[in-house]
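Chains, contacts and geometry: an overview
Here is how the chains run, residue by residue.
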Amino acid sequence: GHLSNFYSDRNEIMIDAARREQKGKPLRLPVKKEHLSKEVQMLLTLMEQRAIENFISLGMDPCLDFQALISLNCWEDRIEWLTFMVERERKRLEMKAKLLN
């Protein structure tokens, strides 16, 4: 879910930064945040803060969203809930794109 996406994005950024900073030298593993430039460390910290805010703003686990969806009695309510879920995910992905650029 959201947490695995966060860690995947975080790891990608860390490895890319380590490769750039080591300029052709063998990659020092494991890549640790404290071994990266201050700019990258600040970006990672910002990403972590946003991920926490995102998770809190969700109010519940993503799987529970779908349980709530199928528990609704009429299709109109289901469409309304699904629209809410899609809009929330779109906003999250827009924020993620901004962070990665």
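In case you missed it, the structure is sitting above this.
To keep things clear, this report deals only with the structure shown in the data block. Bear in mind the structure is a predicted one, so any value in this text is a computation, not a measurement.

1. Notes on the nonpolar core
Core analysis: the biggest nonpolar cluster contains eleven residues, these being Phe6, Ile13, Met14, Ala17, Ala18, Val31, Leu36, Val40, Leu44, Met47 and Leu99. Secondary-structure elements contributing two or more residues to this core are α1 (2–22) and α2 (38–58). Ranked by residues supplied to this core, first place goes to α1 with five residues. The contact partners of valine 31, leaving out residues within four places of it in the chain, are Met14, Ile15, Ala18 and Leu36.

2. Quick notes on the pattern of salt bridges
Applying the stated criterion across every chain yields a total of six salt bridges. Lysine 96 is the salt-bridge partner of aspartate 9, the closest N and O atoms lying 2.9 Å from each other. In this pair, aspartate 9 sits in helix α1 while lysine 96 sits in helix α4 (residues 75–100), placing the two residues 87 residues apart along the sequence. The class for aspartate 9 is buried, based on a relative accessible area of 12%. A salt bridge links lysine 33 to glutamate 48; the shortest N-O distance between them is 3.3 Å. Of this pair, lysine 33 sits in the loop between α1 and α2 while glutamate 48 sits in helix α2; the two residues are 15 residues apart in sequence, bridging distant segments of the chain. Classification of lysine 33 as buried rests on a relative accessible area of 19%. Sharing partners across several salt bridges, the network here consists of Arg10, Lys33 and Glu48.

How each quantity is defined
Chains are numbered independently. Their residues run from 1 in the order of the written sequence. At least 70 in pLDDT is required for a residue's local features to be given in this predicted model, at least 80 for side-chain atom pairs to be given and counted, and no such filter applies to totals for whole chains, interfaces and linings, which use all residues. To get the side-chain values, take all heavy atoms of the structure and skip hydrogens and water. In this description, a nonpolar core means a group of buried Ala, Val, Leu, Ile, Met, Phe, Trp, Tyr and Cys residues linked to one another through side-chain atoms lying within 4.5 Å. Burial here depends on accessible area, computed with a 1.4 Å probe over protein chains only, as a share of the maximum for the residue type. Under 20% is buried, over 50% is exposed, and the range in between is partly exposed. Note on conventions: DSSP H or I runs of at least 4 residues are helices, E runs of at least 2 residues are strands, and numbering of each starts at the N terminus. Between two residues, a contact is recorded if the distance between any of their heavy atoms is within 4.5 Å. Think of a salt bridge as a Lys or Arg side-chain nitrogen and an Asp or Glu carboxyl oxygen that are within 4 Å of each other.

That's the geometry; what it means functionally is another story.
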